[in-house]
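Structural features, examined
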Amino acid sequence: MKIVMATPFGLRPRGTASVRALPLGQALAARGHQVTLLVPPWDDRATSGQSFEQGGVQVRHLRVPDRAALDVPLLTLRLLRAARAERPDVLHLFKPKAYPAFLGLLWRAFRRVDATLAHIVMDTDDWEGPGGWNDLSGYTPLQKRLFAWQEQWELRHADAVTVASRALESIVLSMGVSPSRLAYLPNGPGIVSTPPDPTEVESLREALGLPTGAPVALLFTRFWEFDEAQLARRWARVVAELPEARLLVVGKGLHGEEVRFHAELETLGVSNSILDVGFQPMERLRAYFALARVALYPMSDTLVNRAKCPVKLADYMQAGLPVVGEAVGQVAEYLTGDVGGLLVPSGDDAAFVSATLRLLRDPEFAAIMGRTGQQRLATRFDWPIQAERAEALYESITRR
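Residues numbered from 1 in each chain as written. Predicted model: local features only at pLDDT ≥ 70, side-chain atom pairs only at ≥ 80, totals over all residues. Heavy atoms only, no water.

Topologically, Ser273 is positioned in the loop between α9 (257-268) and β11 (274-278). A relative accessible area of 1% places Ser273 in the buried class. Residues Ser273 and Ala245 lie 28 residues apart in sequence; the distance between their C-alpha atoms is 6.9 Å. With residues near it in sequence (within four places) discarded, Ser273 still touches Trp235, Val239, Ala245, Arg246 and Leu247. (Helix = DSSP H or I, 4+ residues; strand = E, 2+ residues; numbered from the N terminus. Buried < 20%, exposed > 50% of the residue type's maximum accessible area, 1.4 Å probe, protein only. Contact = heavy atoms within 4.5 Å.)

Written out as structure tokens, the structure is:
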């Protein structure tokens, strides 16, 4: 089968193209399908016009206009032209907003005069409208209205829909989409599975001043998923019980949340227990993961958190890191039955602190939890499994 995928932005710095569309495409290519990934790199203009093969997928970065003001019309038309030239059996669009949504509209218009054009599968991995990313991102009022309309319209009118979470599955079904046109495709890991270089890990440990065997918790985050003051208070309680514990922070907030987090830690008198390395490129993450005994996944119970499917949770599990996670959305789906870590009720500070201390104090128990997480990920959520589900959906709509 010939499959064309289209993304809303470049492979970097954002995640959907590189950690969802590309690995799914690679798993489909491994099953014998011909996969092309079309990328409009308006946010990574240095890659304009570049094409290459990666893991069996032909990745094509479209040429961006010389003037950014022309991005929307010209990149949309270039996406349409490139997709039509491939003559795919299936056109899989990632995110029902912006460029994929524009492409979907034009594709349907052309299909009215050319019935041989491929069926459209629309993927959604976040909730974009009210209560979702529209409330988190700095969009203009016009953009918010546009994206909310695109999301609703595209999901209802696509030939089939793929969703990354059970919450999105429920939302899409409530829109009237038939279950036969819907496939649940949760995220697999986004980091390459090869272990990190031990020399790199030891060099990193020395640079951070961490003694071998130090009880380290990892917070790999963009901060918006939780209340940073609440997490600071939780960590202060951990340090009060286990003064030698360290919190390794990898990442940066969307709107300066990390500044408020550090201010709260300073007020609580535990800032010296924090190692903040900021944003790190994907290829270095496994080395940082290797320094930790446990990963923390705090999540407030909000619509946007219930709808998302965290790739970094799958990354933790693949790396064998046990997770302390709040039971919100997909976190409860991945860590069910305390496999892969310890699941605590959302908002329960005492339970979160107790679970963190238990894993930090007992490295053997933490290692067992980590191994069970690896096994669960491999048998339930890895990309080859999602590729089988996608393939079944493609076959069902092409038969129709």
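Pairing is parallel in the open sheet, where 6 strands are placed in the order β11-β10-β9-β12-β13-β14. Either end of the sheet is taken by a strand with one partner, and the two such strands are β11 and β14 (341-344). On average, each strand axis in the sheet is tilted by 20° relative to the strand beside it, whichever way the strands run. As defined by bridge partners, strand β12 (residues 294-297) adjoins strand β13 (residues 323-326) across 3 bridges and the pair is classed as parallel. Bridge pairing links Tyr297 to Gly325 in β13. (Pairing = 2+ DSSP bridges. Axes fitted to C-alpha atoms, helices over the stretch in contact; angles between N-to-C directions.)

Time to look at the packing of aromatic side chains. Counted under the stated rule, the structure contains 8 aromatic pairs. Judged by centre distance (5.0 Å) and plane angle (65°), the ring pair of Trp133 and Trp224 falls under edge-to-face. Pair noted here: Trp133 is in helix α4 (residues 133-136) and Trp224 is in the loop between β9 (216-220) and α8 (228-241), with a separation of 91 residues, a long-range link. With a centroid separation of 4.9 Å and 75° between ring planes, the pair formed by Tyr139 and Phe147 is classed as edge-to-face. By relative accessible area, Tyr139 is classed as partly exposed at 21%. Residue classification places Phe147 among the buried positions, given a relative accessible area of 8%. Ring pairing ties together the aromatic residues Phe220, Phe289 and Tyr316, which thus form one cluster. (Phe/Tyr/Trp six-rings, centres within 6.5 Å; stacked < 30°, edge-to-face > 60°.)

Take the nonpolar core next. The biggest cluster of nonpolar side chains holds 66 residues, and the ones touching the most others in it are Trp107, Leu218, Leu313 and Tyr316. Setting aside chain neighbours within four positions, we find Leu218 in contact with Leu247, Leu248, Val250, Phe289, Ala292, Val294, Ala295, Leu296, Tyr316 and Leu321. Of all hydrophobic cores here, the second largest spans 32 residues; its members include Ala217, Val249, Val294 and Ala366. (Core = buried A, V, L, I, M, F, W, Y, C linked by side-chain atoms within 4.5 Å.)

Time to look at the pattern of salt bridges. Taken as a whole and judged by the stated rule, the model has 24 salt bridges. Where Glu128 meets Lys97, a salt bridge forms, and the shortest distance between an N and an O atom there is 3.1 Å. One end of the pair, Glu128, is in the loop between β6 (119-124) and α4; the other, Lys97, is in the loop between β5 (90-94) and α3 (98-111), and 31 residues separate them in sequence. Per residue, the accessibility class of Glu128 equals that of Lys97, and both read buried. Within the structure, one salt-bridge network assembled from shared partners comprises Lys95, Lys97, Asp125, Asp126 and Glu128. (Salt bridge = Lys/Arg side-chain N within 4 Å of Asp/Glu carboxyl O.)

Once that is clear, we can look at the packing of helix α2 (residues 71-86) against α3. Close contact between α2 and α3 brings their axes to 9 Å; oriented N to C, the two are set at 55°. Classified by the interaxial angle, the pair formed by α2 and α3 is oblique. The handedness of the crossing between α2 and α3 comes out as right-handed. In this structure, α2 contributes Asp71, Val72, Leu75, Thr76, Leu77, Leu79, Leu80, Ala83 and Arg84 to the contact, and α3 contributes Tyr99, Phe102, Leu103, Leu106, Trp107 and Phe110. In terms of residue class, the contact of α2 with α3 is made up of 12 nonpolar, 1 polar and 2 charged. (Parallel < 35°, antiparallel > 145°, perpendicular 65-115°, else oblique. Left-handed = near helix turned anticlockwise from the far one by under 90°. Nonpolar A, V, L, I, M, F, W, Y, C, P; charged D, E, K, R; others polar.)

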